[in-house]
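Topology and contacts: notes
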Amino acid sequence: MSRRATAGGQGVVMHVRCPDRLPEETYRQVLEELSGLSPVVQALPPTAALVDLRGALPYYGSGARRLGEVLRVRTISRLGVDVRVGIGASITVAATASGQVPGPGGVLAIAPEEVTGWLGDLPVEALHGIGPRQAAALRDYGIHCVGLLAAVPSATVQRLLGGKAGRLAADRARGIDPRPVVPRALPATASVRYRFDEHTLDGAAVRAALLELVVRLGTRLRGRGQVARALTLSLKFAGGGSWDKTRRLTAPSAHEDDLRQLAYQLMDAAALQRGRLTGLVLKGEDLLDADQAPRQLSLDEAREARLAAETVVDRVRTKFGPRVIGPAAVFRRAS
């Protein structure tokens, strides 16, 4: 689904909608794909993002619609995620367009000269920024489409919706939206999850699952060249309850020794008795590029040997797969 999209001399904005309930890590990966198109990306968690394409268009020598299609191909092929992409000369037009793309994904690009006619035919609740209560108030007054909203005096809209909200709604119905895309990334985190096939009370099984998460988290962080300054452990219980606790590492690290020690401390702090667990989530918080973290010399020869072995293990996993080598407890539980 597409229309011609250029913006000679004007900014071009891309609004991307992800499927609902996308895992946080996958959402972050979508943001990384957007950063591959343009350095100006504004995260709108949990399911959307904005991209300023002004610099990307001359760089790629391609139209905005084409970049939207490239993004879809990348997210589908690399992440298994289809996205809905709206493109326009302003945030309002782009976000409204992405909301009109039928699921599961597609690209809708609106050229500047098409904005007035295209917006005018839409139901008033389709205009980005108009909530259900505002739409109901406008419809009660007889304003059922964006074209009528644009035609009504701004003072009238302000009386119906309130001063600021009415002024913004009237402007955006006319395609007026000077807001820039402001670069904003999510706080740096990395999460790994484990779900038990059955509710479990088995402390050994829980410990083994937590150890597997430590291995996966450490491997991911080292693969991304990052270290964590804190860990958060989340326990999910039968019946929908949960428990969360965060503690900081003594020094930024992505090494399994350090992550395991703190993860076990977090588990001990939960003081589990008869709680039936359904799953675990281990999250590395406050991430830092590994080359920015201070490297402390250790006089512990055994630790240095383990760190050297960890480097070799990472290479083996990279070549042969993540499940070919690991702690014995993890393999015993999987067998």
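In the block above lies the structure referred to throughout.
My aim in this report is to walk through the structure given alongside it, one point at a time. No experiment lies behind these values; they were computed from the predicted model shown.

**Description of the packing of helix 1 (residues 24-35) against helix 3 (residues 64-79)**
Contact geometry for helix 1 and helix 3: axes closest at 10 Å, N-to-C directions at 140 degrees. Of the possible angle classes, the one that applies to helix 1 and helix 3 is oblique. Crossing hand, helix 1 versus helix 3: right-handed. Seen from helix 1, the contacting residues are T26, Q29, V30, E33 and L34; seen from helix 3, they are L71, R74, T75, R78 and L79. Here the contact of helix 1 with helix 3 is composed, by residue class, of four nonpolar, three polar and three charged.

**Considering the nonpolar core**
Within soluble globular proteins, side chains that are nonpolar generally end up buried alongside one another. Counting residues in hydrophobic clusters, the biggest one holds 32 residues, and the most contacted among them are L217, L221, L231, L280 and L282. Those elements that place two or more of their residues in this core are strand 6 (190-200), helix 10 (203-224), strand 7 (226-237), helix 11 (256-270) and strand 9 (277-285). The element that contributes the greatest number of residues to this core is helix 10, accounting for eight residues. For L217, the contacting residues outside a window of four places in its chain are A190, V192, L231, L259, L282, K283 and G284. In terms of nonpolar packing, the next biggest core, distinct from the first, is built from 27 residues, V16, C18, L37 and L186 among them.

**Brief notes about the packing of helix 8 (residues 154-161) against helix 9 (residues 163-173)**
Between helix 8 and helix 9, whose axes approach to 7 Å, the crossing angle comes to 135 degrees. One way to sum up the angle between helix 8 and helix 9 is to call them oblique. The way helix 8 lies across helix 9 gives a crossing that is right-handed. On helix 9, the residues that touch S154, V157, Q158 and L161 of helix 8 are G163, A165, G166, R167, A169 and A170. Grouping the amino acids of the contact of helix 8 with helix 9 by side-chain chemistry returns five nonpolar, four polar and one charged.

**Concerning the packing of aromatic side chains**
Considering all chains together, one arrives at two aromatic pairs under this definition. An angle of 85 degrees between the planes, with centres 5.0 Å apart, marks the rings of Y59 and Y60 as edge-to-face. Overall, Y59 belongs to the exposed group, its relative accessible area being 66%. When the ring of Y194 is compared with that of F196, the centres are 5.0 Å apart and the planes differ by 70 degrees; the resulting orientation is edge-to-face. Taking the relative accessible area as the measure of exposure, F196 reaches 11% and is therefore buried. Above the face of the Y264 ring, R207 is positioned so that its terminal group lies 4.2 Å from the ring centre.

**Looking at the pattern of salt bridges**
Applying the stated criterion across every chain yields a total of 13 salt bridges. One salt bridge in this structure joins R207 and D268, with 3.1 Å as the shortest N-O distance. Here D268 lies in helix 11 and R207 lies in helix 10, a separation of 61 residues in the sequence. A salt bridge links R248 to D286; its shortest N-O distance comes to 3.0 Å. Of the two residues, R248 is situated in strand 8 (residues 242-253) and D286 in the loop between strand 9 and strand 10 (288-289); the sequence distance between them amounts to 38 residues.

**A look at unusual backbone geometry**
The amide bond that connects G103 to the next residue, P104, takes the cis arrangement and shows omega of 0 degrees. Relative to the helices and strands, P104 is located in the loop between helix 4 (91-99) and strand 5 (106-109). Even without being glycine, D286 reaches a positive phi, approximately 50 degrees.

**As for the pairing of strand 2 (residues 41-44)**
For strand 2 and strand 3 (residues 48-52), the ladder comprises four bridges, and the chain directions are antiparallel. Looking at strand 3, one finds that V41 is bridged to V51. The antiparallel hairpin formed by strand 2 and strand 3 contains three residues in its connecting segment.

**So, the environment of I143**
By secondary structure assignment, the location of I143 is in the loop between helix 6 (132-140) and helix 7 (146-151). With 14 residues separating them along the chain, I143 and V157 place their C-alpha atoms 9.8 Å apart. When residues no more than four places from it in sequence are discounted, the contact partners of I143 are V124, L138, L148, L149, V152 and L160.

**What about the sheet that holds strand 1 (residues 13-17)?**
Strand order in the open sheet made by the five strands is 2-3-1-4-5, with mixed pairing throughout. On the outer flanks of this sheet lie strand 2 and strand 5, each paired with one strand and no other. Mean inter-strand twist for the sheet, computed between neighbouring axes without regard to direction, equals 15 degrees. Inspection of the sheet shows strand 1 paired to strand 3 by five bridges, in the antiparallel sense. Looking at the pairing, M14 lines up with V51 of strand 3. Taken strand by strand, helix 1 contacts strand 1, strand 2 and strand 3, and its axis lies near 160 degrees from that of strand 2. The strands touched by helix 4 are strand 1, strand 3, strand 4 (84-88) and strand 5; relative to strand 4, the strand with the most contacts, the crossing angle is about 150 degrees.

The rules behind these values
Residues numbered from 1 in each chain as written. Predicted model: local features only at pLDDT ≥ 70, side-chain atom pairs only at ≥ 80, totals over all residues. Heavy atoms only, no water. Axes fitted to C-alpha atoms, helices over the stretch in contact; angles between N-to-C directions. Helix = DSSP H or I, 4+ residues; strand = E, 2+ residues; numbered from the N terminus. Parallel < 35°, antiparallel > 145°, perpendicular 65-115°, else oblique. Left-handed = near helix turned anticlockwise from the far one by under 90°. Contact = heavy atoms within 4.5 Å. Nonpolar A, V, L, I, M, F, W, Y, C, P; charged D, E, K, R; others polar. Core = buried A, V, L, I, M, F, W, Y, C linked by side-chain atoms within 4.5 Å. Buried < 20%, exposed > 50% of the residue type's maximum accessible area, 1.4 Å probe, protein only. Phe/Tyr/Trp six-rings, centres within 6.5 Å; stacked < 30°, edge-to-face > 60°. Lys NZ or Arg CZ within 6 Å of the ring centre and 35° of its normal. Salt bridge = Lys/Arg side-chain N within 4 Å of Asp/Glu carboxyl O. Pairing = 2+ DSSP bridges.

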